[in-house]
Amino acid sequence: MASQAQRFKYVNRGLKYNLQRWMYYKSFFPSLGLWRDDMRRETPILKEALKRISRQDLEARNFRIARATVLYNAKIELPREQWTELDEDKLYLTPHVEAIKKELKERKDFEKSK
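This write-up is about the structure you can find in this document. Here the structure is a predicted model, which means the values were calculated and not measured.

**Topic: the pattern of salt bridges**
Item 1. With the rule as written, the count across this model stands at eight salt bridges.
Item 2. Measuring nitrogen to oxygen at the nearest pair gives 2.6 Å for the salt bridge that ties Arg64 to Asp38. One end of the pair, Arg64, is in helix H4 (residues 55-73); the other, Asp38, is in the loop between helix H2 (15-26) and helix H3 (44-52), with 26 residues separating them in the sequence.
Item 3. Taking relative accessible area as the criterion, Asp38 reaches 5% and is therefore assigned buried.

In structure tokens:
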């Protein structure tokens with residue numbers, strides 16, 4: 001009975017959400033307990049963003065990545081109840097990355113205007 005109620009909850013959210021949810025769980029990282037921002041490639045912008053996040057967020061990120069590395073090397077996944085849920089996955093680096101990109105653009109525009 002609970003599964004029917006759960007299915008009804010997702011049907012009412014709309015096609016876009018259901019497609020996003022399907023794509024999210026088809027990717028491998030939720031089964032390792034990673035968040036979307038944990039999967040970003042290391043770039044100079046990301047390195048700067050990592051300097052700007054709180055120590056708690058950085059330590060949580062490092063833990064998730066270390067745990068995922070161990071799980072991946074052992075070729076196992078977390079139990080389903082420990083997977084990262086789409087609704088719980090927060091983009092903790094994205095605001096910092098966007099701010100850094102904006103700062104770089106402003107700096108570039110300022111350099112041009114000299």
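**Some remarks on the environment of Leu91**
Item 1. Tracing the chain through its elements places Leu91 in the loop between H4 and helix H5 (94-113).
Item 2. On a C-alpha basis, the gap between Leu91 and Arg36 in space is 6.8 Å, while along the polypeptide they are 55 residues apart.
Item 3. With sequence-adjacent residues up to four places away left out, Leu91 is seen in contact with Arg36 and Asp37.

**Notes on the environment of Asp38**
Item 1. Linking Asp38 and Ile65, residues 27 residues apart in sequence, is a C-alpha distance of 7.2 Å.
Item 2. Asp38 has contacts with Arg61, Arg64, Ile65 and Tyr92, leaving out every residue within four places of it along the chain.

**Section: the packing of aromatic side chains**
Both the distance between ring centres and the angle between the ring planes are used here to describe each pair of aromatic rings.
Item 1. Using the criterion set out here, one finds four aromatic pairs in the structure.
Item 2. Residues Tyr24 and Phe29 carry aromatic rings whose centres are separated by 5.4 Å and whose planes lie at 85 degrees to one another, so their mutual orientation is edge-to-face.
Item 3. Take Tyr24: its relative accessible area is 5%, and that puts it in the buried class.
Item 4. Ring plane angle 75 degrees and centroid distance 6.1 Å describe the contact between Phe28 and Tyr72, whose orientation is recorded as edge-to-face. With a gap of 44 residues between them, Phe28 in the loop between H2 and H3 and Tyr72 in helix H4 connect regions that are remote in the sequence.
Item 5. We classify Tyr72 as exposed; its relative accessible area is 53%.
Item 6. Aromatic ring contacts, followed pair by pair, group Tyr24, Tyr25 and Phe29 into a single cluster.

**Focus: a nonpolar patch on the surface**
Item 1. Residues Leu19, Trp22 and Met23 make up a contiguous nonpolar surface patch of about 360 Å² in total accessible area.
Item 2. For Met23, the location among the structural elements is in helix H2.

How each quantity is defined
- Residues numbered from 1 in each chain as written.
- Predicted model: local features only at pLDDT ≥ 70, side-chain atom pairs only at ≥ 80, totals over all residues.
- Heavy atoms only, no water.
- Salt bridge = Lys/Arg side-chain N within 4 Å of Asp/Glu carboxyl O.
- Helix = DSSP H or I, 4+ residues; strand = E, 2+ residues; numbered from the N terminus.
- Buried < 20%, exposed > 50% of the residue type's maximum accessible area, 1.4 Å probe, protein only.
- Contact = heavy atoms within 4.5 Å.
- Phe/Tyr/Trp six-rings, centres within 6.5 Å; stacked < 30°, edge-to-face > 60°.
- Patch = residues over 30% accessible without salt bridge, like charges linked within 9 Å, V, L, I, M, F, W, Y side chains within 5 Å.
- Areas by Shrake-Rupley, 256 points an atom, 1.4 Å probe, with all protein chains shown as cover.

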